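Structure assessment
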Amino acid sequence: MNIIVCPLSRVNEMIELHAPERIVSMINPGCDFPESGPAYAGRHLRLSFHDIDMAEDGLVEPSAGHIDDLLTFLADWERTAGILIHCHGGVSRSTAVAFMAACLHNSSADEREIALALRCASPVARPNRALVRMADEVLGRSGRMIAAIEDTAHGLPEITAEENEPFTLPAVY
């Protein structure tokens, strides 16, 4: 089973292609969530916050409550099938949560190894640092998660596309 990451525009395609066990949706407040249907009742987490690393007037920043909801939902993933994680563009919020899921389910794995796998799977990935920083603290990783994301970001190309291509990340390390 894999962690599947995609932009909002590709969610229905990825559901049909992968039949994931669970779905995580993170989009801006006021936007409509994709409809996953009755098959995903209780297995589709929907969170509304903006893709920001620091507080900005008029925007909803990721919070400790969001991290608690995410980690609880990710911990309940039985890994009988993949998990689909998406945000608007599939670049920042979703890649941060994919990294979180891999770290959560591989507690003894090296964070840098997981971060490198993420960068190899998607050079466009730019994980939201606020999400990674908060998860790092809750998971007791002593700064290793955020350090791995920052260390592997050196020399990445500038992003020119508005959306990332769907990609998968292994669930086991």
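A short tour of the structure in this document, coming up. (Residues numbered from 1 in each chain as written. Predicted model: local features only at pLDDT ≥ 70, side-chain atom pairs only at ≥ 80, totals over all residues. Heavy atoms only, no water.)

Here we come to the pattern of salt bridges. Inspection of the entire model under this criterion finds five salt bridges. We note a salt bridge from Arg-10 to Glu-13, for which the minimum N-O separation is 2.6 Å. Assessed through its relative accessible area of 40%, Glu-13 is described here as partly exposed. The partner of Arg-10 in a salt bridge is Glu-165, with the nearest N and O atoms 3.3 Å apart. Of this pair, Arg-10 sits in the loop between strand S1 (2–7) and helix H1 (11–18) while Glu-165 sits in the loop between helix H6 (144–151) and strand S5 (167–170), and the two are 155 residues apart along the sequence. Owing to a relative accessible area of 54%, Glu-165 belongs among the exposed residues under this scheme. Connected through shared salt-bridge partners, Arg-10, Glu-13 and Glu-165 make up one network. (Salt bridge = Lys/Arg side-chain N within 4 Å of Asp/Glu carboxyl O. Buried < 20%, exposed > 50% of the residue type's maximum accessible area, 1.4 Å probe, protein only. Helix = DSSP H or I, 4+ residues; strand = E, 2+ residues; numbered from the N terminus.)

Looking now at the sheet that holds strand S2 (residues 22–27). Read from one edge of the open sheet, five strands run S3-S2-S4-S1-S5, paired in mixed fashion. On the outer flanks of this sheet lie strand S3 (44–48) and S5, each paired with one strand and no other. Direction aside, the axes of adjacent strands within the sheet are offset by 15° on average. Where S1 lies against strand S4 (residues 83–87), five bridges are found, and the strand directions are parallel. Bridging from a neighbouring strand, Ile-4 pairs with Leu-84 of S4. This element, H1, spans S1, S2, S4 and S5 of the sheet and lies at about 155° to S1. Most of the contacts of helix H3 (residues 93–104) go to S1, to which it runs at about 175°, and overall it touches S1, S2, S4 and S5. (Pairing = 2+ DSSP bridges. Axes fitted to C-alpha atoms, helices over the stretch in contact; angles between N-to-C directions. Contact = heavy atoms within 4.5 Å.)

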